[in-house]
Amino acid sequence: MSRRPVEEQAVRLAEMPPLALYIHIPWCLRKCPYCDFNSHEKRGELPEDDYVAALVADLEASLAKVWGRRIHTIFIGGGTPSLFGPEAIDRLLVAVRTRLPVDPEAEITMEANPGTFEAERFRGYRAAGVNRLSVGVQSFSDAALAAIGRVHGADEARRALDHALSVFPTVNADLMYALPGQSPEEAVADVREAVARGVPHVSAYHLTLEPDTHFHRHPPARPDDDTAADMQEAIEAALGEAGYEHYETSAFARPGQRARHNLNYWTFGDYLGLGAGAHGKISFRDRIVREARIRKPQGYMRAALQADAIDESRELEAAEIPFEFMLNALRLTEGFPVALFERRTGLPITAVERELESAERSGLIARDHLRIRPTERGRRFLNDLLQAFLPSAPRPRPLRAISISRAERPSRP
Ligand code: SF4
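In this report, we go over the structure that sits alongside the text. Worth saying up front: this structure is predicted, and the values here are computed from it rather than measured.

Things to note about the overall build of the chain
So, step 1. Per the secondary structure count, the chain includes 15 helices and 17 strands.
So, step 2. Principal-axis analysis of the C-alpha atoms gives the chain an extent of 60 × 50 × 40 Å.
So, step 3. A burial count over the chain gives 57% of its 413 residues as buried.
So, step 4. In the chain, the share of contacts with a sequence separation of at least 24, taken over all contacts with a separation of at least 6, comes to 74%.
So, step 5. Put simply, the chain shows about 17100 Å² of open surface, and 49% of that area lies on carbon and sulfur atoms.
So, step 6. Charge separation in the chain, taken as the distance between the mean sites of 53 positive and 59 negative side-chain charges, equals 3 Å.

Remarks on the packing of helix α1 (residues 48-62) against helix α2 (residues 86-99)
So, step 1. Put simply, α1 and α2 touch, their axes get as near as 10 Å, and they point 15° apart. As far as their axial angle goes, α2 and α1 are roughly parallel. Both α1 and α2 take part in a crossing whose hand is right-handed. Mapping the contact onto sequence places Glu48, Asp49, Val52, Leu55, Val56, Leu59 and Glu60 in α1 and Ala88, Arg91, Leu92, Ala95, Val96 and Arg99 in α2.

Considerations on the pattern of salt bridges
So, step 1. Tallied over the entire structure, the rule returns 25 salt bridges.
So, step 2. Residues Arg293 and Asp58 are paired through a salt bridge, measuring 3.0 Å at the closest nitrogen-oxygen approach. Within this pair, whereas Arg293 is found in strand β13 (residues 287-293), its partner Asp58 is found in helix α1, the two being separated by 235 residues in sequence. Comparing Arg293 with Asp58 shows no difference in burial state: the two are buried.
So, step 3. Through salt bridges with shared partners, one network takes in Asp155, Arg158, Asp162, Glu193 and Arg197.

Some details on the nonpolar core
Soluble, globular proteins show a tendency: their nonpolar side chains are buried together.
So, step 1. One finds Tyr51, Ile74, Phe84, Ile89, Phe168 and Tyr300 to be the most contacted residues of the largest nonpolar core, which totals 73 residues.
So, step 2. With residues near it in sequence (within four places) discarded, Tyr51 still touches His24, Ile25, Pro26, Trp27, Phe84, Gly275, Ala276, Tyr300 and Met301.
So, step 3. By size, the runner-up hydrophobic cluster in this structure holds 32 residues, among which are Leu13, Phe323, Leu330 and Leu386.

What to know about the sheet that holds strand β17 (residues 371-374)
So, step 1. Spatial ordering of the open sheet is given by β15-β17-β16, a layout of three strands whose pairing is antiparallel. Of all strands in the sheet, those bounded by a partner on one side alone are β15 (336-337) and β16 (365-367).
So, step 2. Taken together, the two bridges between β15 and β17 define a ladder with antiparallel strand orientation. Opposite Phe336, over in β17, you have Ile372 as the bridge partner.
So, step 3. Strands in contact with helix α13 (residues 353-361) are β16 and β17; relative to β16, the strand with the most contacts, it is inclined by about 115°.

Some details on the side chain of Glu193
So, step 1. Here Glu193 lies in helix α6 (residues 184-197).
So, step 2. When residues no more than four places from it in sequence are discounted, the contact partners of Glu193 are Phe140 and Arg158.

Things to note about the pairing of strand β1 (residues 19-25)
So, step 1. Buried residues dominate β1, accounting for seven of its seven residues.
So, step 2. Of the two faces of β1, the one holding Leu19, Leu21, Ile23 and Ile25 and the one holding Ala20, Tyr22 and His24 are both buried throughout.
So, step 3. Here β1 runs beside strand β4 (residues 71-78); their pairing, made up of seven bridges, is parallel. Bridged to Leu19 within β4 is Ile71.

Some thoughts on a negative patch on the surface
So, step 1. Taken together, Asp224, Asp225, Asp226, Asp230 and Glu233 make up a surface patch of like negative charges.
So, step 2. As for its position among the elements, Glu233 is in helix α8 (residues 225-241).

As for unusual backbone geometry
So, step 1. In this structure, Gly79 follows Gly78 across a cis peptide bond, with omega equal to 25°.
So, step 2. With respect to the helices and strands, the residue Gly79 is situated in the loop between β4 and α2.
So, step 3. The phi dihedral of Asp212 falls on the positive side, at around 65°, and the residue is not glycine.
So, step 4. Topologically, Asp212 is positioned in the loop between β8 (201-206) and α7 (214-217).
So, step 5. By relative accessible area, which is 70% here, Asp212 ends up exposed.

Concerning the packing of helix α11 (residues 321-329) against helix α12 (residues 338-345)
So, step 1. The contact between α11 and α12 brings their axes to 11 Å, and the two run at 125°. Regarding the angle of α11 to α12, the classification is oblique. Between α11 and α12 lies a crossing whose hand is right-handed. Facing Ile321, Pro322, Phe325 and Met326 of α11, the residues of α12 in contact are Leu340, Phe341, Arg344 and Thr345.
So, step 2. By residue class, the composition of the contact of α11 with α12 is six nonpolar, one polar and one charged.

Basis of the calculations
Along each chain, residue indices are assigned from 1 in the same order as the chain's sequence is written. Residues qualify for local features only when their pLDDT is at least 70, as the model is predicted, and side-chain atom pairs are given and counted only at 80 or more; totals for whole chains, interfaces and linings, by contrast, use all residues. In computing side-chain values, all of the structure's heavy atoms are included and hydrogens and water are not. Secondary structure elements follow DSSP: runs of H or I no shorter than four residues count as helices, runs of E no shorter than two count as strands, and numbering proceeds from the N terminus. Buried residues are those whose accessible area, probed at 1.4 Å on protein chains only, stays under 20% of the maximum for their type, while exposed residues exceed 50% and partly exposed ones sit between those limits. Contacts are assigned to residue pairs with any non-hydrogen atoms lying within 4.5 Å of each other. Using the Shrake-Rupley algorithm and a 1.4 Å probe, accessible areas are obtained, with residue cover drawn only from the displayed protein chains. Two residue types count as positive, namely Lys and Arg, and two as negative, namely Asp and Glu; His and chain ends fall outside the count. To locate a charge, take atom NZ for lysine, CZ for arginine, CG for aspartate or CD for glutamate. Whenever a helix is involved, its axis is fitted only over the stretch in contact; in every case the axis is a line through C-alpha atoms, and angles between N-to-C directions fall within 0 to 180 degrees. Oblique is the label for every angle not falling under 35 degrees (roughly parallel), over 145 degrees (roughly antiparallel), or within 65 to 115 degrees (roughly perpendicular). Crossing handedness follows the turn of the near helix against the far one: under a right angle anticlockwise gives a left-handed crossing, and clockwise gives a right-handed one. The salt bridge criterion pairs a side-chain nitrogen of Lys or Arg with a carboxyl oxygen of Asp or Glu, the two atoms within 4 Å. Among buried residues, the Ala, Val, Leu, Ile, Met, Phe, Trp, Tyr and Cys ones that are joined through side-chain atoms within 4.5 Å form a nonpolar core. Only when DSSP finds a minimum of two bridges between them are two strands counted as paired. Patches draw on residues past 30% relative accessible area with no salt bridge. Two like charges within 9 Å are joined, as are two nonpolar side chains (Val, Leu, Ile, Met, Phe, Trp, Tyr) within 5 Å. The nonpolar class holds Ala, Val, Leu, Ile, Met, Phe, Trp, Tyr, Cys and Pro. Asp, Glu, Lys and Arg form the charged class, and all remaining residues, Gly among them, are polar.

Okay, structure coming up:
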């Protein structure tokens, strides 16, 4: 059994992880005060044609990195992708399919905002091949939506969700809790309403104050930590009673309805990220590379046409790969098969034996020779659990600021 320090181990991947495609559309009607995503307020007409052309050029410049590999899921996120018309989305998906092998059963998700809802558009996206819509509901309370600066009201959210459910084979509703002025009863009422409307997948996010956001500079009064924890428990109980599986920190699904694209992040799969500010992770036999595209939309579009959209590309050091894996996989309620660690990281599980032992002693994980999973306590104190896997050596300049409470985040339009 090798106990060499992880920084001295060489990455050797026996197989390539599944590959997903993430496409970022970086505009919104208005910037929400809590949002730290790469989203920019729409001013005037959006350059839909130019942006799609830039995405296609970016894709073409990226093909060599993923040559011969099949795309299993596609996620069009933002920003607010539903600001783009169905024709643009259709052109984009046709361009992808003609350049990359896309699994015929691929999950193709697009994010939509109730504030940009038009019934005809949803049918157009479906005709373009989108088979899963993720609707940024956030709350069914007008007061809560106003408190977090959303551009839509509760009735718009209801209409958008109902229509999405009638058009798409499967739908996610994003909800947020611990909102300014929100009571635990109101947080649970939001969840119950999503259930009652028939949505098969719910993502429930705790409102957090991220650096460089309006709320960070001007924090609103919010429920305290104990109340927020009570809300979280009540939400989990309500969704559990309704038959939803709580399979990831913030994700709940009816059986068979888990988000395949996000599961690929959480199981440390690969993804090619196209679009302004998009991140990607691509594995090779002997290394894992993370890359980030230029963030500003205009700069990205200019550079992508010159096949030069990558702002930063960095090979992960062996010492930081276990943390990156755990950051994602320990979010899963059921944890991960022991063998997956080696398949995805190219490192033996013995590389983190000391850390696993310590986490087990602290009651944060449970394991046998087949599976490692966070305990109830590990899930509640996920940041403490992840701390154990932080590389001890000083890390190279980060490709992105990693917040250990967030990991690979499905976006929240
Ligand atoms: S939260 Fe969503 S809708 Fe609001 S600014 Fe951010 S990406 Fe846009």
